[in-house]
Amino acid sequence: APVGMILVDLATPTRGAILAANPAMSAIVGRSVEDLVTMTVAELVGDRGMLWLTSRIVLAADQTHSPPEELCYRRDDGREVWLQVSASVVPGAGDLPAYAICQALDVTRRRGAEAMLTHQALHDTLTGLANRRLLTDRLQVALARRRPSTSCIAVLFIDIDRFTETNASLGIDGGDALLITVGNRLQAGVRSGDTAARVGSDEFVLVCQDLTDDEVLALADRLLAALAAPHQIAGRQVCVTASIGIALSRPTLDDPEDLLRDAQAAATQAHVDGGARHRVANPQLRAELAARRHLDDDLLRALQEGEFVLHHQPIVTTTTGQMLGAEALIRWQHPDRGLLPPAEFIEAAEASGLILELGRWVLREACAQIGAWNQAHPRQLLAASVNLSPASSPTPASSPTPAAHSPTPTSTPHCSASSSPRPLSSTPPPTPSPPCTSSSCSESASPSTTSAPATRP
């Protein structure tokens, strides 16, 4: 780009007068060369510009050329331009400063590109709200500036209820439009000094300062009402609700990540409670969350290390006592807590998604065991019965069939949970006996499971 230049008088009583200017400087500042040579530096760029030039003169005592600096200049037409300016001092009699040669380069486009990149790095590209990085930074600043008082810093975690289904019905463009309107309503619902951020697909966070506990709850109620109002998306009305989790800064809770974690946990609890509501994080909720995470970790380890086992409960006829098959009952041989029934872990497995792998294992193991018994005793064909969790319903392509383990067809088993591989054996099936009624046998699944009775092939 052309470099603008002016020659400035530093020796005469008209100190700061512009003696000459080139056409490039005329184009940059929007003034003719004739106008420029009738002005002083102070008249052109204001007192700040003159102070800058004076500082350059001081630097000239040690060096003849000053390092460049960037200044914002407002033209007469109202347009703001960013200039990279530098000055060289020309000494006169007695080595005193006589002239200054000032150079200016228009860097407005570069500054605009840098500002755009900075904005993209700190904001969500879809909604324009702050992203997690900027949110965390502002939360840290807010906590550092917090004043001891009855007010607090509130973190509100907003999760759109059943957004996956809504997004599937609207399509990608419609889902994006919905997220934009949600972001706009959240931004409109808070003050200018508060921060609204999008931190996940359908997850938003608000950071609000200097609010009392009652004011935070009132804000959450207003946000729920605002989000529940119909959204106009692609010519149709779309209604959604949200689950809001609230975490309040306390003397013992002032870490940004802890506040965000607690707010998210409270939002999860609000969703579990039915959605369209808010919940406030508390020590009990934090303890339950920690226990749930620990259980999820234990479940994953149990699957990897083979801690699950199957118990087989005989199924007999009530008239003759003849054995028809066996019901597979999953148990967890926990290294610290002992043998655990399904009620202790099935719900957690469903919530974490591990129920799918667990269910596949139970199907494979139950079919393998009943197949081994039928091969060893072909004259007494048995069927397998496995409880089925709705969250682990196998697809025809993925679920094993008894035919894979036994040459003689048996009933297709159904599955609710899974465990580690159990060695197959040719040992005879359990001795026919009346159905077991002890707690160790009768409890076969969590309340969310359904039982498929065994049938004779």
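Our structure's up above, just so we're on the same page.
Residues numbered from 1 in each chain as written. Predicted model: local features only at pLDDT ≥ 70, side-chain atom pairs only at ≥ 80, totals over all residues. Heavy atoms only, no water.

**Quick notes on a nonpolar patch on the surface**
Nonpolar side chains collect at one region of the surface, where Val3, Met5, Leu19, Val90, Tyr99 and Ile101 lie side by side and expose about 430 Å² of accessible area between them. Structurally, Ile101 is set in strand E5 (residues 97–106). (Patch = residues over 30% accessible without salt bridge, like charges linked within 9 Å, V, L, I, M, F, W, Y side chains within 5 Å. Areas by Shrake-Rupley, 256 points an atom, 1.4 Å probe, with all protein chains shown as cover. Salt bridge = Lys/Arg side-chain N within 4 Å of Asp/Glu carboxyl O. Helix = DSSP H or I, 4+ residues; strand = E, 2+ residues; numbered from the N terminus.)

**What about the packing of aromatic side chains?**
In total, this model carries three aromatic pairs according to the counting rule given. A ring pair is formed by Phe308 and Trp332, whose centres lie 5.5 Å apart and whose planes are at 40 degrees; its orientation type is tilted. Taken together, the residues span a long stretch of sequence, with Phe308 in strand E13 (residues 308–316) and Trp332 in strand E14 (residues 323–334) at a distance of 24 residues. Pair check on accessibility: Phe308 and Trp332 agree, each one buried. Seen in terms of ring centroids, Phe308 and Phe345 are 5.5 Å apart; in terms of plane orientation they differ by 55 degrees. Their pairing is tilted. Here Phe308, found in strand E13, pairs with Phe345, found in the loop between strand E15 (338–340) and helix H10 (346–352); they are 37 residues apart in sequence, far enough to count as distant. In this structure, Phe308 and Phe345 share a single accessibility class: buried. The residue whose ring lies beneath Arg111 is Trp82, and the NZ or CZ to ring-centre distance is 3.6 Å. (Phe/Tyr/Trp six-rings, centres within 6.5 Å; stacked < 30°, edge-to-face > 60°. Buried < 20%, exposed > 50% of the residue type's maximum accessible area, 1.4 Å probe, protein only. Lys NZ or Arg CZ within 6 Å of the ring centre and 35° of its normal.)

**A few points about the environment of Ala100**
Mapped onto the elements of the fold, Ala100 is located in strand E5. When its relative accessible area of 0% is taken as the criterion, Ala100 is described as buried. The spacing of Ala100 and Ala87 is 13 residues in sequence and 6.3 Å in space, taken between C-alpha atoms. Contacts of Ala100, omitting those with residues within four sequence positions, involve Ile6, Leu7, Val8, Leu10, Leu53, Ser88 and Val89. (Contact = heavy atoms within 4.5 Å.)

**Comments concerning unusual backbone geometry**
With phi around 50 degrees, Arg162 is a residue other than glycine that occupies positive phi space. With respect to the helices, strands and loops of the structure, Arg162 is situated in the loop between strand E6 (152–160) and helix H6 (163–188). Here the phi dihedral of Ala234 falls at roughly 55 degrees; this positive angle occurs in a residue that is not glycine. Within the element layout of this structure, Ala234 appears in the loop between strand E9 (231–233) and strand E10 (236–238).

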